[in-house]
Amino acid sequence: MTEIMPHQNAIDCQNLWKIFGARADEALVAAKNGEVDKDEALKRFSCVIGVADASFSVAEGEILCIMGLSGSGKSTIIRHVNRLIEPTDGQILIEGRDVMGLNPKELRQLRARKIGMVFQHMALWPHKSIADNVAFGLEVQKTPKGQQRAAAESALEKVGLGGWSDRYPDQLSGGMQQRVGLARAMAADPDILLMDEPFSALDPLIRKDLQDEFLKLSREVKKTTLFITHDLDEAMKMGDRIAIMKDGRIDQTGTPESIVLRPETDYVSRFVSSISTLKYISASEIMTPGKAKSGAPEFGASTPLPVLLAAFTEGAEELAITDGETHLGRISSTDILQAVQTDLKRV
Amino acid sequence: MDPLLNPFDYFTVPFGAWAEAGLDYVVSVSRPTLLAAKVPVQAFLEFVQDALRATPPTIGIAVIVVLGYLLSGWRLALTGLVCLTLIGLMGAWQAAMTTLSIVIAAVVICVVIGLPLGVLAARSDRFFKYLRPLLDLMQTIPSFVYLVPVVMLFGIGDTPGVIVTCFFAVTPLIRLTNLGIRGVREDLVEAARAFGASETRILIGTQLPLARATILAGLNQTVLLSLSMAVVASMISVAGLGRMVLEGIGRLDFGSATVGGIGIVLTAIVVDRYVQALGAATPRDRAGG
Ligand SMILES: Nc1ncnc2c1ncn2[C@@H]1O[C@H](COP(=O)(O)OP(=O)(O)O)[C@@H](O)[C@H]1O
Ligand SMILES: [Mg+2]
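Since the model is a prediction, treat every value here as computed from it, not as a measurement. (Residues numbered from 1 in each chain as written. Chains lettered and ligands numbered in written order. Predicted model: local features only at pLDDT ≥ 70, side-chain atom pairs only at ≥ 80, totals over all residues. Heavy atoms only, no water.)

Here we come to the sheet that holds strand β1 (residues 11-20) of chain A. In a beta sheet, neighbouring strands are held together by backbone hydrogen bonds and run either parallel or antiparallel to one another. Residues and elements named next belong to chain A. Strand order in the open sheet formed by 4 strands is β2-β1-β4-β5, and the pairing between neighbours is antiparallel. Here the strands that pair on one side only, and so sit at the sheet edges, are β2 (48-58) and β5 (97-98). Strand direction decides the pairing type here: β1 and strand β4 (residues 89-94), joined by 5 bridges, are antiparallel. Bridging from a neighbouring strand, Gln 14 pairs with Gln 91 of β4. (Pairing = 2+ DSSP bridges. Helix = DSSP H or I, 4+ residues; strand = E, 2+ residues; numbered from the N terminus.)

The subject of this paragraph is the packing of aromatic side chains. Aromatic ring pairs: the centre-centre distance and the angle between the two ring planes describe each pair. Evaluation of the coordinates by the stated rule reveals 7 aromatic pairs over all chains. On the basis of an interplanar angle of 40° and a centroid distance of 6.3 Å, the ring pair of Phe 214 of chain A and Phe 227 of chain A is categorised as tilted. With Phe 214 of chain A in helix α9 (residues 204-221) and Phe 227 of chain A in strand β8 (residues 224-229), this residue pair connects regions lying 13 residues apart in the sequence. Comparing Phe 214 of chain A with Phe 227 of chain A, the two get one shared label, buried. Residues Tyr 69 of chain B and Trp 74 of chain B carry aromatic rings whose centres are separated by 4.7 Å and whose planes lie at 45° to one another, so their mutual orientation is tilted. By relative accessible area, which is 42% here, Tyr 69 of chain B ends up partly exposed. Of the residues examined, Trp 74 of chain B reaches a relative accessible area of 61% and is grouped as exposed. Following the ring pairs from residue to residue traces out a cluster consisting of Phe 199, Phe 214 and Phe 227 of chain A. (Phe/Tyr/Trp six-rings, centres within 6.5 Å; stacked < 30°, edge-to-face > 60°. Buried < 20%, exposed > 50% of the residue type's maximum accessible area, 1.4 Å probe, protein only.)

All names here are of chain A. Phe 20, Lys 38, Val 48, Gly 50, Leu 69, Ser 70, Gly 71, Ser 72, Gly 73, Lys 74, Ser 75 and Thr 76 make up every residue found near ligand 1. Between Lys 38 and ligand 1, the recorded distance is 3.2 Å, taken from a side-chain N or O atom to an oxygen atom. Ser 75 is positioned with one of its side-chain polar atoms (N or O) 2.6 Å from an oxygen atom of ligand 1. When isolated, ligand 1 has an accessible area of 560 Å², and the protein chains bury 61% of it. With 3 residues, the top contributor of residues to the shell around ligand 1 is helix α3 (residues 74-81). (Near = heavy atom within 4 Å. Polar contact = N/O pair within 3.5 Å; in protein donor to acceptor, adjacent residues only side chain to side chain. Areas by Shrake-Rupley, 256 points an atom, 1.4 Å probe, with all protein chains shown as cover.)

Spelled out as structure tokens, the structure:
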């Protein structure tokens, strides 16, 4: 009966609960009925609610960022995807298959071939050479030695570490170690990458380099990525969509624009209040109805504010917003200034 | 008045008799099992003993020198050369080989039993909870006291000597194996799991290699405790350097006693240095020359 759906997601997480503690079952019932929150559960059942009713999906080739403060349950969620921990309730589907339904061998295969993982503190094995670290997923799957070596070297090449194969992790800087971590995750050419705060432990400049390189690489190889961070700027930069977590719950999921421009909860709006909206505002948000003067330069409704601004600095007095044929509205320099003023006030 | 002040002159409990009766009972019930347990130990000990005794001293010293050079360098090789040559010159070579074979047999058995127990303790909090008081107890009992039950159960001689040495020396290996495995960084283990390694593979390929230094520290203690017990066990008629000391003292032959004593010290130095070198040399150093 279970037909493969044509447009299934790479990762589907449905109503996931994870409660740590001996009395997790009781706590689950109480939490589901809304009788206890995270603090109450700890008091009444000595249980920690790690993840509460989290649902999200990641489409093939998409980067979903999960963002939240320390202890909000991000690591707990990501560990469910390759079943490093098992849910108290709810489901995780990888390309439509329930990970809880896999037998041990299938699970190991999924971890070695289908999913690559990158860890916050690199987690490279100090007793193995760089090449052996990178080839580990292939080694456990008993890939022929020559193939292992070739895959490891090509993965290292991709992250700019060709020629380092025979060194050991402690001979590399932090940034280089995390490149190895990335190479290790990609060596078996998995479809899915799980990245648990991969760049958090790095210095700001090196972090920026790795972010840029990862985005570039990601565009080339198109891997479905679940990317975890506690840094909103990083989330805005890396994510096609962002899920914001608080106390084990996902407060809001959406594109960076929608999160910044239309926060749905107080928590999210407090979070994004430090981010300037200017980059995310588009013409449709600030245009006023009416027809622009003839000869005014024309722009589409989704044109971002910086582009509109550039038109004014080049001498335009007014902009016409059209969808190619019909007029949608107009934007004057006052509209732009008002948008800037509003943004300055909220920060 | 006297019975109140010196009660033990008037009243004692026949604990000695009870113990004997109790042990007699245990022995009579478990004799076949105990004898069966003794057989492989005896076979293994004889194998090691024959090998060591059959090796001419020149060959033995050469092996030790080469091994020392490979493990660490010229200093270690020289230490081995000097110590073994002195033992030979003093006329204690045979006795030293006998003691060494008891130590080797005991250490191998300790590893075979202690390592799995340590691994089990690291993987199961429950098992460790029950094992721990036993280990504490075993470590507090002085070496001497172990001799009593072992003689009762297994008799006297070299094989019971190996058995008593194992009981006395196995504790640190179990403890430090447990400690070492528990001390391996959690994310290194999780990374191995995340890339599809089975639990056995994680143990052999990740946990044991990363716990290696700690486990070898435990092994070092086990080896040194084995040596000290192999000497004390001369009291239950175990041959070797210990017996030279014991008999020397008994016959007021201080020359023989001193030779035995110095032989023990020299053997201990060699054993300690070599096991330590084993712990210090990382696989990478050896690969890289
Ligand atoms: N094994 C565990 N046992 C008990 N509580 C845990 C365990 N793992 C995580 N937690 C708790 O679950 C919550 C979420 O943790 P985590 O997912 O690590 O957060 P994050 O990665 O967002 O910092 C925290 O309150 C943490 O203390
Ligand atoms: Mg975390």
